[in-house]
Every structure is written in C-alpha cells, then in structure tokens.
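Chain and residue survey
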Amino acid sequence: MRLKEHLKNGDMEIAQVVLRIAKVTKTISRGFATRQGISDSSNIYGEQQLAMDKWADELILSDLKASGLVRFFASEEQPDILKFDSSSDIGVTIDPLDGSSLIGVNLAVGTIVGIYRGDVLSPGSEMVGAMYVLYGPLTTLNYCLGEGVHEFLLNEHDEFVLQAENLTIPDSKIYAPGALRRDYLPFHKRYIETLEDDGYKLRYSGSFVADVHQILHKGGIFTYPGFKGREEGKLRLLFEANPMGYIITEAGGATSDSQQSILSIKPESISQRVPVYIGGRREIELIEKIRKGE
Ligand code: AHG
Ligand code: MN
Ligand code: MN
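Quick look at the structure, then.

Criteria and thresholds
Residues numbered from 1 in each chain as written. Chains lettered and ligands numbered in written order. Predicted model: local features only at pLDDT ≥ 70, side-chain atom pairs only at ≥ 80, totals over all residues. Heavy atoms only, no water. Helix = DSSP H or I, 4+ residues; strand = E, 2+ residues; numbered from the N terminus. Expected span 1.5 Å × (residues − 1). Polar contact = N/O pair within 3.5 Å; in protein donor to acceptor, adjacent residues only side chain to side chain. Donors = N, O, S within 2.8 Å, 3.2 Å for Na, K, Ca; no water. Pairing = 2+ DSSP bridges. Contact = heavy atoms within 4.5 Å. Axes fitted to C-alpha atoms, helices over the stretch in contact; angles between N-to-C directions. Buried < 20%, exposed > 50% of the residue type's maximum accessible area, 1.4 Å probe, protein only.

**Remarks on helix α2 (residues 12-35)**
With 24 residues, α2 extends 34 Å between its outermost C-alpha atoms, agreeing within 8% with the 34 Å of an ideal straight helix rising 1.5 Å per residue. Two or three places before Glu 13, at the start of α2, stands the capping residue Asp 11, its side-chain oxygen 2.9 Å from that residue's backbone nitrogen.

**Looking at the coordination of the manganese ion (ligand 3)**
Distances from the manganese ion (ligand 3) to its protein donors, Glu 76 (OE), Asp 95 (OD) and Leu 97 (O), fall at 2.2 to 2.3 Å. In the primary structure, the donors to the manganese ion (ligand 3) are separated according to the pattern E-x18-D-x1-L. Here the manganese ion (ligand 3) and the manganese ion (ligand 2) are spaced 3.6 Å apart, linked through Asp 95, which binds each one. Of this pair, Glu 76 sits in the loop between β3 (72-75) and β4 (82-83) while Asp 95 sits in strand β5 (residues 90-98), and the two are 19 residues apart along the sequence.

**Quick look at the sheet that holds strand β12 (residues 201-202)**
What the five strands build is an open sheet, ordered β12-β11-β13-β15-β14; its pairing is mixed. Of all strands in the sheet, those bounded by a partner on one side alone are β12 and β14 (254-256). As judged from the three bridges shared by β14 and strand β15 (residues 276-279), these two strands associate in the antiparallel manner. Residue Ala 254 lies in a different strand from β15, and its bridge partner there is Gly 279. Contacts between helix α7 (residues 281-292) and the sheet are confined to β13 (221-224), β14 and β15, with β14 contributing the most and set at about 20 degrees to the helix.

**Topic: the pairing of strand β6 (residues 109-117)**
Within β6, eight of the nine residues are buried, which leaves it mostly tucked inside the rest of the structure. With seven bridges connecting them, β5 and β6 associate as antiparallel partners. Of the residues in β6, the one forming a bridge with Gly 91 is Tyr 116. Where β6 meets strand β7 (residues 129-135), seven bridges bridge the pair, whose relative direction is antiparallel. Following the sheet pairing, Ile 112 is matched in β7 by Tyr 132.

So, in structure tokens, the structure goes:
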C-alpha cells in the first residue's frame, strides 16, 4: 500500500502536509549523490553552494510555504518561527538533516518532523503527529498521527510503500549513550553503570534519528544526557526530542529528561535543549528512579 492510500482515512489537511514533506525527502535522498561534501562555499561559477542541511532546509521551507497548508514553520536552521499565508492552523517543526556530521562518512542520517495544530512553542504532548525519514542503505519513512507508528520504504519506483504497521518497541538490552563519560553527572553515571552491569550492549552512531530508529525496532534506550558544563544537554526539544519522543511513546515506549516526560515540557524558545532519555518503559522508569534516589 502506498503512503497516500494509508493516509486517506485521517485528517486530510495533515495528510497533505505529510505527503508534501515525503515528496521533498525523495529529492533530498537523491541529493546525497550530487551534493556530498559541499559545505557553504562558492562553486567555480561563483554560485553559492549550500551545505546539505541548509539545502534540505530551503527545499522543505519553500515547498511548505508554497503549499498554503502550513501556518507556522520552525526549523533547526532558522533563528525564528516563520509565519506563512495559510487558512490552516498547522504548525511544523523540522530538523532537515539530523546526524549531518555523518554525511561525509556515508552513515545513516535523517529528516525529523513534528506536526501541531497551532503554536509550535507548545509541549510535545500537544503534537498531532510526527514523522521521520531515514536515509540509510534504504530510505524509509515512519509516521504517527496518533494512531499507531507505521513504516514505509522508498521502492525502486520512487514510491513510499507500506513495510510495517503499528510498530511496538520490543524489550532488549541495547544502550546508545551520548556525551563524554568524564562529564557524566553522578546520577547519570549510576544509570549507565547499572545498564552495563545488567549486560546492555553499546550501539551509538552519532545520528540521533538513526540511533532512535534502531531502538524503535530493537528496544533499549537512547540517551544524550545533561552533563558537566551543559546541564541542559545537547539535543533540541522542538526539533529532535519531541518528534522522536512522540513516535517512541506511541509505539509503547517512553521519554524522560530524567525527571519527567520530555513531552510534558513547555518550551520557552525554539532553540531550547533538553537532556534526553528515549526508549523502553523499563529503562525510563529506571532513570527516573535513580534520579529520585539521588
Ligand atoms: P544535527 O546533525 O542535526 O546537528 O544533530 C546532531 C546531533 C544528533 O544527531 C546526534 O545524536 C548528536 O548530535 C551527536 O552528538 P555527538 O557527536 O556529541 O555524539
Ligand atoms: Mn539534529
Ligand atoms: Mn540538523
């Protein structure tokens, strides 16, 4: 089944947004072959060449602006929330390319999208949907509009076709820990040691979207904690943590900043960062328990 058919029983306005973004990601996917290695600079003709992440941002921004489907648009690559002409109240957040430092070494990267009705500066629990596209050996698209997490595969005819419906996060002992061990805060150090003593296996690529995708399929925990010198962590609440957290939660997992669900945090700015724990419920209960017992 194609993505368009799969979306046909839900909210038509939101479905249109998902389809527009899905179409742009096909262009992004093709861009890796031709734009690989370009960093902001002029080419031999004096034309400005954009790095992949800014190029991807421009593509999605201009497409959604022209679509008339979206009123609020926030991107990791833009300093402010943009307001487009639209009769809808749909708000979209994007990380156009997540894991961009891995493009040059041909590891999986992705595009992450959060969807709102109204203001995007709202808790993640108010999202009406989220999606991400993973550019790996295959290009896959996962979406959730509040009714299950579904996965599509970009096939040889350049169409997203259904690969799996209603994904649920299994139980397993995988951990994907960001940040430097020497900078761990005491409660986080205890958490990691507890996982290691329990036999958790390390799986960390440096691409959040790819690492969380692995957790969705295999179970376990991804964490990029707050650490010494940056207690608020590295990952961004609006562009990274909330959309991926929403999808994992809808797949039966959970999120935390070590004390509460990330989805319950009211953002104060679009560039806000957050300590991230995303994965199975057992692993999320454990970090909150260890933090409480500090
Ligand atoms: P982005 O490419 O959008 O800037 O995000 C990079 C993020 C995320 O993808 C990843 O989990 C994290 O940075 C990796 O950080 P470290 O290199 O510190 O592990
Ligand atoms: Mn990112
Ligand atoms: Mn990015």
